[in-house]
Each structure stands twice: as structure tokens, then as C-alpha cells.
Amino acid sequence: MAKQPMTPPVPADMMPKHIAIIMDGNGRWAKKRGMPRTYGHIEGVKTFRKISRYALNIGVPYISFYVFSTENWNRPEDEVHQLMNLMRKQLMDARVFTEERTRLILLGDRSGFDEDIRNGISNLEEDSRDYENMTMGIAANYGSRHEITSAARELAQLVKEGRLQPEEITEDLISQHLYTKEMPDVDLLIRPGGEQRISNFLLWQCAYAEFYFCDTFWPDFDEKELDKAIIEFARRTRRFGGL
Ligand code: IPE
Ligand code: IPE
Ligand code: MG
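This text gives an overview of the structure that appears in the document. What you see is a predicted model, and the numbers here were worked out from it, not measured in a lab. (Residues numbered from 1 in each chain as written. Chains lettered and ligands numbered in written order. Predicted model: local features only at pLDDT ≥ 70, side-chain atom pairs only at ≥ 80, totals over all residues. Heavy atoms only, no water.)

### A word on the overall build of the chain
And step 1. For the chain, the count of helices and strands is 8 helices and 6 strands.
And step 2. Relative to the 2.2 N^0.38 estimate, which gives 18 Å for 243 residues, the radius of gyration of the chain is 18 Å and therefore close to what a compact globule would have.
And step 3. The principal-axis extent of the C-alpha atoms belonging to the chain is close to 60 × 45 × 35 Å.
And step 4. When each of the 243 residues of the chain is scored for burial, the buried share is 46%.
And step 5. Carbon and sulfur atoms provide 50% of the accessible area of the chain, an area that totals close to 12900 Å².
And step 6. Computed over 33 positive and 38 negative side-chain charges, the separation of the two mean positions in the chain equals 4 Å. (Helix = DSSP H or I, 4+ residues; strand = E, 2+ residues; numbered from the N terminus. Rg over C-alpha atoms; globule rule 2.2 N^0.38 Å. Buried < 20%, exposed > 50% of the residue type's maximum accessible area, 1.4 Å probe, protein only. Areas by Shrake-Rupley, 256 points an atom, 1.4 Å probe, with all protein chains shown as cover. Lys, Arg positive; Asp, Glu negative; His and termini not counted. Charge placed at Lys NZ, Arg CZ, Asp CG, Glu CD.)

See the structure below:
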């Protein structure tokens with residue numbers, strides 16, 4: 001399905017450039033229906049597709065989805081296994097992103113995945129490199145602390161090799177060593193599912209993000225809910241520490 005431009009809920013100049021979404025509440029959504037948690041994850045994937053398509057159509061240039069955290073490995077083996085299989089399936093269905101000309105970037109430590117998933121992700125990133133309609137960050141095996149620690153390690157290595165002076169380490173340089181190096185900072189962070197926390201997601205990139213929480217479980221999140229978050233964002237006054 002190609003891009004089908006739609007009118008955004010607020011004027012284009014008031015739209016957030018980078019929206020980040022913590023897709024939470026799949027398990028509770030399923031439990032409420034007496035179904036296994038995995039059923040919630042399957043429904044959650046449908047919502048992911050719906051929302052990414054809608055974001056593209058209303059002209060959001062950058063969007064990031066939190067798919068699997070570095071802490072999610074602590075879940076029961078069976079659930080982790082099911083989540084990995086869902087990821088495999090999504091990678092196989094990734095043609096839609098080609099049709100939509102969406103660029104995909106993995107935010108996370110790919111070394112944690114099985115080889116077929118790792119290769120699938122790399123191929124997708126490579127094939128979509130020049131797509132210009134929207135850039136989508138997929139945060140999988142992602143943890144902000146892990147990301148910042150890796151950046152610190154890379155910079156320390158450069159200093160050790162004499163290729164970098166400590167005083168040359170700037171905020172910009174640190175940003176350049178994060179998974180999001182090709183994306184701007186987050187403008188709007190959305191967390192459905194009722195929890196009001198950040199759960200190790202994009203800590204550095206959210207320094208001045210506006211936060212939007214709602215109780216809707218992710219599988220029930222829809223276009224109207226995204227519109228509401230964007231309208232709320234446009235109403236906020238961002239001061240960035242100034243007056
Ligand atoms: C989010 O939904 C998906 C992942 C973390 C993989 P949850 O699985 O956290 O669902 P709840 O929060 O337990 O309802
Ligand atoms: C955050 O949700 C991770 C993802 C949505 C992928 P969690 O459900 O893992 O977060 P906590 O445990 O409620 O903080
Ligand atoms: Mg959760």
C-alpha cells in the first residue's frame with residue numbers, strides 16, 4: 001500500500017518531528033479477554049502496522065517503536081520465544097515498508113538475536129537505506145543505559161588509541177554514537193497501557209520530549225488516540241529551559 005496523504009490533526013508546522021511510542025499493555029489486554037498473553041502481542045502487531053501507516057499518511061517524518069527491551073529477556077522463556085517468532089514473521093512481511101518507502105533502523109543490540117533475525121534486520125536496513133517517506137526506529141533488544149554505556153566505551157577506546165581528546169567529547173559526539181544517530185531528538189513520547197514511566201527507553205533522546213500517557217492498552221490504540229496525543233502536544237509550551 002503506497003503513501004496516501006491525509007490531513008494531519010494540527011497544522012504541519014506544529015506536528016512533532018519525532019514521535020516515540022512505548023507499545024505497552026498487550027498482555028493485560030489479552031488477560032482481560034481470558035486469552036494467553038501472546039494473543040495480545042499478535043493484536044499489538046496489527047496496531048503497530050495501523051499506527052505506522054497512519055503516521056506516514058499524516059506526514060510524521062520520524063517514528064520509533066519500543067518492541068523489546070533489554071529487560072524483556074527476563075520474561076518466561078515461552079513468551080520470549082513467541083516474541084522472537086513474531087519478530088521473524090514481521091521480518092518476512094516487511095515488503096509493506098518497501099512499498100511505503102519507509103526507512104527502517106534497528107535501535108538496539110543486534111548481537112542478542114539469532115542469526116536469521118540479525119540477517120533479516122540488516123537486509124531490511126540496507127534495502128530501505130534511501131527511502132525518504134518516513135524513518136522508523138525499531139527498538140528491539142534496546143535499553144537506554146546499554147546504549148549510553150556502549151557509546152562511552154566506543155569513545156573511551158578512541159581516546160585510548162589517541163584518536164580523540166577528552167575535551168573533544170561533546171553532547172553532539174555522544175549523540176553520534178547512539179543508535180539514533182540519524183534521527184532527531186524525540187518531540188513526543190507516547191505510552192499507552194496505563195503505566196507512567198519510561199522503562200529505559202530513549203533517556204538521552206527524550207531530554208526535552210513532551211510525555212503523553214493514556215490508559216488504553218496498545219491493541220486498542222488507534223488513529224484517533226494518536227491524533228489526541230498530537231493535539232495535546234501542539235497545545236504544550238516548550239521552553240527548553242528558556243522563558
Ligand atoms: C508490551 O506489552 C509488549 C512487550 C513488552 C514486548 P506487555 O507484554 O508489556 O503487556 P503488559 O504490560 O504486560 O500488559
Ligand atoms: C516496556 O514495557 C518495553 C516495551 C514496551 C517493549 P514493559 O512492560 O517491559 O515495561 P515495565 O516492565 O512495565 O516497566
Ligand atoms: Mg508491559
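### Considerations on the layout of surface pockets
And step 1. Taken as a whole, the largest pocket spans an internal volume of roughly 950 Å³.
And step 2. Along the wall of the largest pocket there are 40 residues; nearest its centre are M23, Y66, V67, F68 and N72.
And step 3. Secondary-structure elements contributing two or more residues to the lining of the largest pocket are helix 1 (26-32), helix 2 (37-57), strand 2 (62-69), helix 3 (77-92), strand 3 (102-107), helix 5 (115-128) and strand 4 (134-142).
And step 4. In the lining of the largest pocket, the residues fall into 21 nonpolar, 10 polar and 9 charged.
And step 5. Lining the second largest pocket are 16 residues; nearest its centre among them are I105, L106, R110, Y179 and K181.
And step 6. Of all the secondary-structure elements, those providing two or more residues to the lining of the second largest pocket are strand 3 and helix 6 (144-160). (1 Å grid on protein atoms, 1.4 Å probe; cavity = no way out; pocket = protein on both sides within 12 Å on 5 of 7 lines; lining within 4 Å. Points joined across faces, edges and corners; volume = space filled by probe spheres on them. Nonpolar A, V, L, I, M, F, W, Y, C, P; charged D, E, K, R; others polar.)

### A word on the site of ligand 2
And step 1. I22, M23, D24, Y66, V67, F68, N72, R75, R191, R197 and S199 make up every residue found near ligand 2.
And step 2. Contact distances for ligand 2 include 3.4 Å between an oxygen atom and a side-chain N or O atom of R191.
And step 3. R197 is positioned such that a nitrogen or oxygen atom in its side chain is 2.8 Å from an oxygen atom of ligand 2.
And step 4. Against a free-state accessible area of 390 Å², the protein chains account for coverage of 78% of ligand 2.
And step 5. When atoms are counted within 2 Å of each cavity's grid points, the one that captures over half of ligand 2 is the largest pocket. (Near = heavy atom within 4 Å. Polar contact = N/O pair within 3.5 Å; in protein donor to acceptor, adjacent residues only side chain to side chain. Sits in = over half its atoms within 2 Å of the grid points.)

### Points about the packing of helix 2 against helix 3
And step 1. The contact between helix 2 and helix 3 brings their axes to 10 Å, and the two run at 30°. On the basis of the axis angle, helix 2 is roughly parallel to helix 3. Read as a crossing pair, helix 2 and helix 3 show a hand that is right-handed. Where helix 2 abuts helix 3, its residues R37, T38, H41, I42, V45, F48 and R49 lie against E79, Q82, L83, L86 and Q90. (Axes fitted to C-alpha atoms, helices over the stretch in contact; angles between N-to-C directions. Parallel < 35°, antiparallel > 145°, perpendicular 65-115°, else oblique. Left-handed = near helix turned anticlockwise from the far one by under 90°. Contact = heavy atoms within 4.5 Å.)

### Overview of the side chain of S69
And step 1. Looking at where S69 falls in the secondary structure, it is placed in strand 2.
And step 2. The exposure class assigned to S69 is buried, which follows from its relative accessible area of 7%.
And step 3. In contact with S69, not counting residues within four places along its chain, are N141 and Y142.

### Some thoughts on the site of ligand 1
And step 1. Taken together, 13 residues lie around ligand 1, and M23, D24, R28, R37 and R75 are the ones closest in.
And step 2. Backbone polar atom of G25 to an oxygen atom of ligand 1: 3.4 Å apart, as the coordinates give it.
And step 3. In this structure, R75 approaches ligand 1 through a side-chain N or O atom, which is 2.7 Å from an oxygen atom.
And step 4. Summarising the interface, the protein chains cover 87% of the accessible area of ligand 1, which totals 380 Å² for the free molecule.
And step 5. Per element, the largest residue contribution to the shell around ligand 1 is 3 residues, and it comes from helix 1.

These figures capture arrangement, not role.
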